[in-house]
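Chains, contacts and geometry: an overview
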Amino acid sequence: MSGNEQRYIKEAFDEGWVVPLGPNVNGFEEDLRCFVTQSEAPSDKQVVALSSGTAAVHLALIQEGVGPGDEVLCQSFTFCASCHPITYLGATPVLVDSEPDTWNMDPELLERAIQDRIAKTGRKPKAIVVVYLYGMPAKIKEIMEVAQRYDIPVIEDAAEALGSCYRGQVCGTFGDYGVLSFNGNKMITTSGGGALICPSPEAKREVMFYATQAREAYPYYQHEKIGYNYRMSNICAGIGRGQMTILNDHIAHHRRLAEIYEEEFKDVDGLTFHKAPSEEMESNYWLNTIVLHPDLKIRGQEKAYQSAVKGAVGGAAGVTHESESIHTGSEPNANVEALRLALDALNVESRPLWKPMHLQPVYADVPAYVNGVSEALFHRGLCLPSGPMVSEEQARWIAQQIKHCVIRQED
Ligand SMILES: *Cc1c(COP(=O)(O)O)cnc(C)c1O
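Residues numbered from 1 in each chain as written. Predicted model: local features only at pLDDT ≥ 70, side-chain atom pairs only at ≥ 80, totals over all residues. Heavy atoms only, no water.

1. A short note on the overall build of the chain
As a reminder of what qualifies: Secondary structure elements are taken from DSSP: a helix is a run of H or I of four residues or more, a strand is a run of E of two residues or more, and numbering for both begins at the N terminus. Our radius of gyration looks at C-alpha atoms and nothing else; its globule reference is 2.2 Å times the residue count to the power 0.38. Partly exposed residues are those whose accessible area sits between 20% and 50% of the maximum for their type, while under 20% is buried and over 50% is exposed, using a 1.4 Å probe and protein chains only. Areas reported as accessible are Shrake-Rupley estimates using a 1.4 Å probe. Residue values count occlusion only from the protein chains shown. Positive residues here are Lys and Arg, negative ones are Asp and Glu, while His and the chain termini are left out of the count. One atom stands in for each charge, and that atom is NZ of Lys, CZ of Arg, CG of Asp or CD of Glu.
From N to C terminus, the chain includes 12 helices and 17 strands. Radius of gyration (C-alpha) of the chain: 22 Å, near the 22 Å computed for a compact globule of 411 residues. Taken along its principal axes, the extent of the C-alpha atoms in the chain is 80 × 55 × 45 Å. For the chain, the residues scored as buried account for 54% of the 411 residues in total. Carbon and sulfur atoms form 51% of the exposed surface of the chain, whose accessible area is close to 18,500 Å². Computed over 36 positive and 54 negative side-chain charges, the inter-centroid distance for the chain is 1 Å.

As structure tokens, then:
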């Protein structure tokens, strides 16, 4: 928190704007618009503040006309919120695997998936949801080329990528719509919230219409469409305005921690820091991640899966179902789990990479175009502490502890 958050919230109370409209909502949207377009000048791109990033994905799909029976191509290697709103709409996600450089959607596999869906169903998928996982830019130029060749709109899920750029352009501004999230764990937070980057003022008006229960202009409630209660409150937007003043500091801090982890691990055989593959891809390094080679030995790995996890990793205890078994059909390798447990014993939270959607039981029956990349990453990868509360000294100490867990060949 920057300190300004309290001032904006107090203003909201003093002026009576505690509803989902008011000066903070407008101010936050304008701050975001300037940030993503990198310009104070008016631009076609507009931003709508919403109650969550998930709501933003949902409304973007509605804008693209997605409905029952449609198919939507979605990156498999992602958090479920990129994909679930496709299901909310009665459409079917068609999952596309990643390429190994950025870990995001593989443009060649995307094209093959489009051709195969057209051959099999006789219809084009309605939209493409591409994700900037852990803040890493995707090969968005190639993805946009494929999308344009088949005239399919692109929704960018930049929930984890606020401030990441590809060739100097902000991620979330390449396609029709860009999704942002201000959940508690994201680059900045409004305690909970999201936003949708829209292509035009008309699109913004339409998104706001659906985000406020689709009310027609009559003195009484008149409904001709199904709407949602998805607008951000003026209170949350006040937090957002304060957070915007420290956004660049947060991004700089995440990048500094990335440099430290990269430096610390560069000489460790079998342990690889996930780094942007080229200069033109500027990650915000929202989460710093490492990959462990399957042959890398970690102390205690033979005991890694002996007891079931109690409560979910990362403070979601109490809102998860109790797990019934220690193993699932696809899980991180024993060395990764051993490292997670060792860090946990030191009070350091880490987490396996996101389990791809095509490996989730709930999506067992949807079409998937896979190449093994995201599954291998899920088996081998770990997310490390990366936020503003982690100091540079702590990151160095964490890296040292990780190195102590590695059993070197000559030991
Ligand atoms: C967090 C996240 C979302 C959803 O955002 P919420 O604000 O939590 O609803 C969507 N996609 C990705 C990739 C995310 O990490």
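2. Comments concerning helix 5 (residues 107-121)
Under the convention used in this document: Expected helix span is given by 1.5 Å per residue-to-residue step, counting one fewer step than there are residues. Throughout, a contact is declared for two residues whenever any of their heavy atoms are within 4.5 Å. Pairs of N or O atoms within 3.5 Å make up the polar contacts considered here, provided that, within protein, one atom can donate a hydrogen while the other can accept it, and that residues adjacent in sequence are counted only when both atoms are side-chain atoms.
Its 15 residues place the ends of helix 5 21 Å apart at the C-alpha level, agreeing with the 21 Å of an ideal helix rising 1.5 Å per residue. Along helix 5, the residues classified as buried are Pro107, Leu109, Leu110, Glu111, Ala113, Ile114 and Arg117. Those residues of helix 5 that are buried are in contact with strand 2 (71-75), strand 3 (92-96), strand 4 (127-131), helix 6 (140-149) and strand 15 (368-369). For helix 5, the N-terminal capping position is held by Asp106, with its side-chain oxygen 2.9 Å away from the main-chain nitrogen of Glu108. At the C-terminal side of helix 5, Gly122 shows a positive phi close to 75°.

3. Describing the site of the ligand
Short version of the rule: We call a residue near a molecule or strand whenever a single non-hydrogen atom of that residue lies within 4 Å of it.
The local shell around the ligand holds 15 residues, among which Thr54, Asp157, Glu160, Ser181 and Lys186 are the closest. At 2.6 Å from a nitrogen atom of the ligand is found a side-chain nitrogen or oxygen belonging to Asp157. Taking Ser181, its side chain carries an N or O atom lying 2.7 Å from an oxygen atom of the ligand. Here the ligand, which alone exposes 380 Å², has 93% of that area covered by the protein.

4. As for the sheet that holds strand 6 (residues 165-166)
Short version of the rule: Paired strands, as defined in this entry, are two strands with at least two bridges between them according to DSSP.
Taken in spatial order, the three strands make up an open sheet running 7-6-11, and their pairing is antiparallel. Each having just a single partner strand, strand 7 (169-170) and strand 11 (281-282) make up the two edges of the open sheet. Sheet topology note: the strand 6/strand 11 ladder contains two bridges and is antiparallel. From the neighbouring strand, Cys165 faces strand 11, where its bridge partner is Glu282.

5. Focus: helix 2 (residues 23-37)
Here helix 2 contains 15 residues, and its C-alpha end-to-end distance of 21 Å stays within 8% of the 21 Å for a straight helix at 1.5 Å per residue. Taken from the residues just after helix 2, Gln38 is the one with a positive phi, measuring 55°.

6. Here we look at the packing of aromatic side chains
Our working rule: Stacked, edge-to-face and tilted are the three classes for Phe, Tyr and Trp ring pairs, Trp counted by its six-membered ring, which pair at centre distances within 6.5 Å; planes under 30 degrees apart are stacked, over 60 edge-to-face, the rest tilted.
In the structure shown here, the tally under the stated rule is 12 aromatic pairs. Seen in terms of ring centroids, Phe77 and Trp103 are 6.3 Å apart; in terms of plane orientation they differ by 40°. Their pairing is tilted. Taken together, the residues span a long stretch of sequence, with Phe77 in the loop between strand 2 and helix 4 (84-88) and Trp103 in the loop between strand 3 and helix 5 at a distance of 26 residues. For the pair Phe77 and Trp103, a shared accessibility class is recorded, and that class is buried. Their ring planes at 85° and their centres at 6.2 Å tell us that Trp103 and Tyr134 sit as a pair that is edge-to-face. With Trp103 in the loop between strand 3 and helix 5 and Tyr134 in the loop between strand 4 and helix 6, the pair connects residues that are 31 residues apart, well separated along the chain.

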